[in-house]
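As a plain string of letters, each chain reads:
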Amino acid sequence: MHPTLTIALRAAKAAADKLAYVTNNLDVLTAEGDSTSKVVETAIDDAAFRCQKFITNAFEDAKIFYAHESTIPTKENQEYWYVNVLSGSNNFAIGFGQFCVVVSQYKLGKIENTVIVNPMTNEEFYASKGRGAQFNEKKIRCKQRREVADSAIATFAQNGWDKNALFTRITGSSVLDLCHLAAGQFDAVFADVSHPMDLQAALLVSSEAGALSGTPHGAPLNSKSTTALAANSKLFKNLIVSE
């Protein structure tokens, strides 16, 4: 494993442990008088602190951007980290175990390394640019199905784009859907995320596993994109939505 990935994984797991504890004890924590939103807010702050500690212990001068803050990296930020300790907050708030921690490293504005961890299932996905993707220490590749009718597709809404698929799923976490695409558990994903850097992280995993990505209409993505279609090359072409 790339040394930077090792640090990112430790940081992500530290945050994931906090989220898992809160999820497993949500009834107790809210029974003490705090609202669910307050418990979630406190969990995010604590998880972010744990994550930051691992990164700054290894990289003392590391610049870290958080998804729950308004600050966005600029061209002057040549090397930095992106952290989202709770991607899938709606699922987290109801105790549904499809949410994750995202930790990524950027250089010159391009994502180089990323780790995505599901606290409830202990699924760990990671990828380095040009070095492939792994799931719990095993290299992964996306499936090579060609026909939409034979495919399992994850989507974010009943939009009709996937009406000819074998079956569809809406999990509430497009980030994890793209990771499961990389691991061969989905054949294609129509993704929609709240932060573009979450999408970049998940697409690094899926692309390093052999998937293509673009807008649902087949156009290239950009640094601000929050929706995407991803699949293997043959299936991708068959799923492109007409304007």
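Here the structure is a predicted model, which is why all the values come from computation and not from measurement. (Residues numbered from 1 in each chain as written. Predicted model: local features only at pLDDT ≥ 70, side-chain atom pairs only at ≥ 80, totals over all residues. Heavy atoms only, no water.)

Where helix 1 (residues 3–24) meets helix 3 (residues 36–58), the closest approach of the two axes is 8 Å, and the angle between their N-to-C directions is 160°. Between helix 1 and helix 3, the angle falls in the class roughly antiparallel. Our pair here, helix 1 against helix 3, has a crossing hand that is right-handed. Touching Ile7, Arg10, Ala11, Ala12, Ala14, Ala15, Asp17, Lys18, Leu19 and Val22 of helix 1 are Val39, Ala43, Asp46, Ala47, Arg50, Cys51, Phe54, Ile55 and Ala58, all from helix 3. Of the residues that constitute the contact of helix 1 with helix 3, the class distribution is 14 nonpolar, no polar and 5 charged. (Axes fitted to C-alpha atoms, helices over the stretch in contact; angles between N-to-C directions. Helix = DSSP H or I, 4+ residues; strand = E, 2+ residues; numbered from the N terminus. Parallel < 35°, antiparallel > 145°, perpendicular 65-115°, else oblique. Left-handed = near helix turned anticlockwise from the far one by under 90°. Contact = heavy atoms within 4.5 Å. Nonpolar A, V, L, I, M, F, W, Y, C, P; charged D, E, K, R; others polar.)

Along the polypeptide, His195 turns up in the loop between strand 10 (188–192) and helix 6 (196–208). His195 gets classed as buried once you look at its relative accessible area, which sits at 10%. (Buried < 20%, exposed > 50% of the residue type's maximum accessible area, 1.4 Å probe, protein only.)

Here we come to the sheet that holds strand 8 (residues 152–154). Taken in spatial order, the 5 strands make up an open sheet running 9-8-10-12-11, and their pairing is mixed. The two strands at the open ends of the sheet, each matched to only one other strand, are strand 9 (167–169) and strand 11 (212–214). Neighbour-to-neighbour, the strand axes of the sheet open up by a mean angle of 15°, direction not taken into account. Contacts from helix 6 reach strand 10, strand 11 and strand 12 (227–231), with the element oriented near 5° to strand 12. (Pairing = 2+ DSSP bridges.)

In this section: the nonpolar core. Formed by 37 residues in total, the largest nonpolar core has its most connected members in Ile116, Leu178 and Val205. Counting 32 residues, the second-largest nonpolar core is a separate cluster that includes Val40, Val85, Phe99 and Val101. (Core = buried A, V, L, I, M, F, W, Y, C linked by side-chain atoms within 4.5 Å.)

The next point concerns the sheet that holds strand 7 (residues 138–139). Spatial strand order, 1-2-3-4-5-6-7: 7 strands in an open sheet with mixed pairing. The sheet terminates laterally at strand 1 (64–66) and strand 7, the two strands that pair on one side only. Sheet analysis places strand 5 (residues 123–128) next to strand 6 (residues 132–135), joined by 4 bridges and oriented antiparallel. For Ala127, the partnering residue across the bridge sits in strand 6 and is Ala133.

The next subject is the packing of aromatic side chains. The geometry of an aromatic ring pair comes down to the distance between the two centres and the angle between the two planes. The final tally for this structure, using the stated rule, is 5 aromatic pairs. Pairing Phe59 with Trp81 gives two aromatic rings, centres 5.6 Å apart and planes at 45°, and the pair type is tilted. Highlighted residues: Phe59 in the loop between helix 3 and strand 1 and Trp81 in strand 2 (residues 79–87), separated in sequence by 22 residues. Owing to a relative accessible area of 29%, Phe59 belongs among the partly exposed residues under this scheme. Both rings, one in Phe125 and one in Phe135, keep their centres 4.6 Å apart while their planes meet at 10°; by these two values the pair is stacked. One end of the pair, Phe125, is in strand 5; the other, Phe135, is in strand 6, and 10 residues separate them in sequence. With respect to class, Phe125 is no different from Phe135; both count as buried. In this structure an aromatic cluster arises from ring pairing among Phe65, Tyr80 and Tyr106. (Phe/Tyr/Trp six-rings, centres within 6.5 Å; stacked < 30°, edge-to-face > 60°.)

Another point: the state of the cysteines. Throughout the structure, instances matching the rule amount to 0 disulfides. Between Cys179, a cysteine without a disulfide, and Cys100, which holds the nearest cysteine sulfur, the sulfur-to-sulfur distance is 6.8 Å. Cys179 sits in the buried class, given a relative accessible area of 0%. (Disulfide = S-S within 2.5 Å.)

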